[in-house]
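Residue-level structural notes
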Amino acid sequence: MTIDQPATRPVNPRFSSGPCAKPPVFDVSKLAGAALGRSHRAAIGKDKLKAAIEGTREILGIPADYRIGIVPASDTGAVEMALWSLLGARKVEMLAWESFGAGWVTDVVKQLKLDAEVKTAEYGQIVDLASVDFDKDVVFTWNGTTSGVRVPNGDWIAADRQGLTICDATSAAFAMDLPWDKLDVTTFSWQKVLGGEAAHGMIVLSPRAVERLESYTPAWPLPKIFRMTKGGKLIEGIFKGETINTPSMLAVEDYLFALDWARSVGGLDGLIARADANAQAIFDFCEAHDWIANLAEDAATRSNTSVCLKFTDARIQDGAAFAKAVAKRLEAEGVALDIGAYRDAPAGLRIWCGGTVETSDVAAMLPWLAWAFKVEIVAQAQAA
Ligand SMILES: Cc1ncc(COP(=O)(O)O)c(C=O)c1O
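Residues numbered from 1 in each chain as written. Predicted model: local features only at pLDDT ≥ 70, side-chain atom pairs only at ≥ 80, totals over all residues. Heavy atoms only, no water.

**Side note on the pattern of salt bridges**
- Tallied over the full model, the rule gives 19 salt bridges.
- Of the charged contacts, one joins R57 and E54 as a salt bridge, the two residues approaching to 2.8 Å between their closest N and O atoms. On the criterion of helical spacing, the pair formed by R57 and E54 is a turn pair, its members being three residues apart in helix 1 (residues 43–60).
- Among the charged side chains, a salt-bridge network with shared partners connects E93, E117, K119 and K136. (Salt bridge = Lys/Arg side-chain N within 4 Å of Asp/Glu carboxyl O. Helix = DSSP H or I, 4+ residues; strand = E, 2+ residues; numbered from the N terminus.)

Below, the structure is given as structure tokens:
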């Protein structure tokens, strides 16, 4: 029995959840203006770093009195510098519903050894947001990249909170509306929604976060790479492009290019609309096929970037092997790269839908998914 292949293929089969697809107009030659071989402290380097910061502010609509810094070690570096610099001043509540959030729980409970209240939910679900105590510092991930579950909005965050909110927004920034008045520390990396390069992270601080930094000294030592204050004062230079250590000027140029592309598609609204359209194409596909479903149980929490899917067909004998075989087949055909579920997540697929992905490519890939499913069902029956 042969199962016909779809007639068309995606132009770009890159659906990885990080590093994510470059903007569709990307070409390495576009980075020819990079300040390579120059000091990042020279005027040319500093101007570019400043443009990266201010371009981020402009596109994300970050208030003028919030500090934005480019920091080492990508989103992980940005989150950990926040945890190590700010926590310990008051009680802490940790929220986690997939592996990255769980990683921050490990940092806080096992490494910093703080007696935090930990609230967790299974993959596909979310914690009870109504029960969060904002007298405490609250650490959470806006979009759980490995489960495809996001917070529906920021309404659950108290406007009059006493604690700080520390939000890992790496797979949300540039694809979802982030309510800056509800977020005291926000982090993300360049390698995600704008398809930038890895290694650099960004940290966004509210005035209240700065106040904490200047009034509180943690009990533990802070490596240089985490230090945002000196003598009890914020190191303002970090937030003007005087990075803590040496950045890649090639990665900076690439980020500036991505910001320009973001402007060309209508800024944040345009980026959100692109991600929404991509995700909707997959949601519609799930509606139309009874053998596949979104891992996120509540539609209000469904990610528009890292869309996670599970196979639901009763004929499937070994869920993990089946999902792997489908992903491998799609990769071999060159129609979908890197769409296997994250290693710690339930068996299934994860398809990146951020704005750098073209909806036409998602639409061209989905019939291939249906094809691979049928082929694997047959292969499984033949092997039995
Ligand atoms: C929610 C979340 N947090 C943190 C990270 C780690 O990011 P990075 O490798 O850029 O430090 C990722 C990467 O996928 C992520 O999705």
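Resuming the write-up.
**A look at the site of the ligand**
- Taken together, the neighbourhood of the ligand is formed by 14 residues, with S74, T76, T145, D168 and K192 sitting nearest.
- Within the side chain of T145, one N or O atom sits 2.4 Å away from an oxygen atom of the ligand.
- In the complex, 86% of the free accessible area of the ligand, which totals 390 Å², lies under the protein chains.
- In terms of residue count, the dominant contributor to the shell around the ligand is helix 2 (residues 74–86) (three residues).
- Looking at side-chain class alone, the shell around the ligand contains three nonpolar, eight polar and three charged residues. (Near = heavy atom within 4 Å. Polar contact = N/O pair within 3.5 Å; in protein donor to acceptor, adjacent residues only side chain to side chain. Areas by Shrake-Rupley, 256 points an atom, 1.4 Å probe, with all protein chains shown as cover. Nonpolar A, V, L, I, M, F, W, Y, C, P; charged D, E, K, R; others polar.)

**A closer look at the sheet that holds strand 7 (residues 165–168)**
- Pairing in this open sheet of seven strands is mixed, and the strands run 1-9-8-7-4-2-3 from one edge to the other. The outermost strands of the open sheet, each flanked by one partner alone, are strand 1 (67–72) and strand 3 (117–120). Strand-to-strand twist of the sheet, defined as the mean angle between neighbouring strand axes without regard to direction, takes the value 15°.
- Pairing geometry for strand 8 (residues 185–189) and strand 9 (residues 200–205), over five bridges, is antiparallel. Across the sheet, residue S189 finds its bridge partner in strand 9, namely G201.
- In this fold helix 1 packs onto strand 1, strand 8 and strand 9, with an angle of close to 125° to the strand it touches most, strand 1. (Pairing = 2+ DSSP bridges. Axes fitted to C-alpha atoms, helices over the stretch in contact; angles between N-to-C directions. Contact = heavy atoms within 4.5 Å.)

**Focus: the side chain of K136**
- Relative to the helices and strands, K136 resides in the loop between strand 3 and strand 4 (137–141).
- Side-chain polar atoms of K136 contact the side chain of E117, separated by 2.8 Å.

**With respect to the pairing of strand 4**
- Counting buried residues in strand 4 gives five out of five residues, a clear majority hidden from the surface.
- Across the two faces of strand 4 the burial is the same, with D137, V139 and T141 and V138 and F140 all buried.
- Here strand 2 (residues 92–96) runs beside strand 4; their pairing, made up of three bridges, is parallel. Note that in strand 4 the partner of V92 across the bridge is D137.
- Looking at chain direction, strand 4 and strand 7 are connected through four bridges and run parallel. Bridge pairing in strand 7 links T141 to D168. (Buried < 20%, exposed > 50% of the residue type's maximum accessible area, 1.4 Å probe, protein only.)

**Observations concerning the sheet that holds strand 13 (residues 306–311)**
- With antiparallel pairing, three strands are arranged side by side in an open sheet as 12-13-14. Two strands bound the open sheet, and with one partner strand each, they are strand 12 (292–294) and strand 14 (349–352). This sheet shows a mean twist of 35° between the axes of neighbouring strands, independent of strand direction.
- As defined by bridge partners, strand 13 adjoins strand 14 across four bridges and the pair is classed as antiparallel. In the strand pairing of strand 14, L309 is matched with L349.

**Notes on the environment of R57**
- The exposure class of R57 is buried, given its relative accessible area of 15%.
- Sequence separation of R57 and R161 is 104 residues, and the distance between their C-alpha atoms is 24 Å.
- Ignoring any residue separated from it by four or fewer positions in sequence, one finds R57 in contact with I62, P63, A64, Y66 and I68.
- Engagement of the side chain of R57 in a polar contact is seen with the backbone oxygen of Y66, the distance being 2.8 Å.

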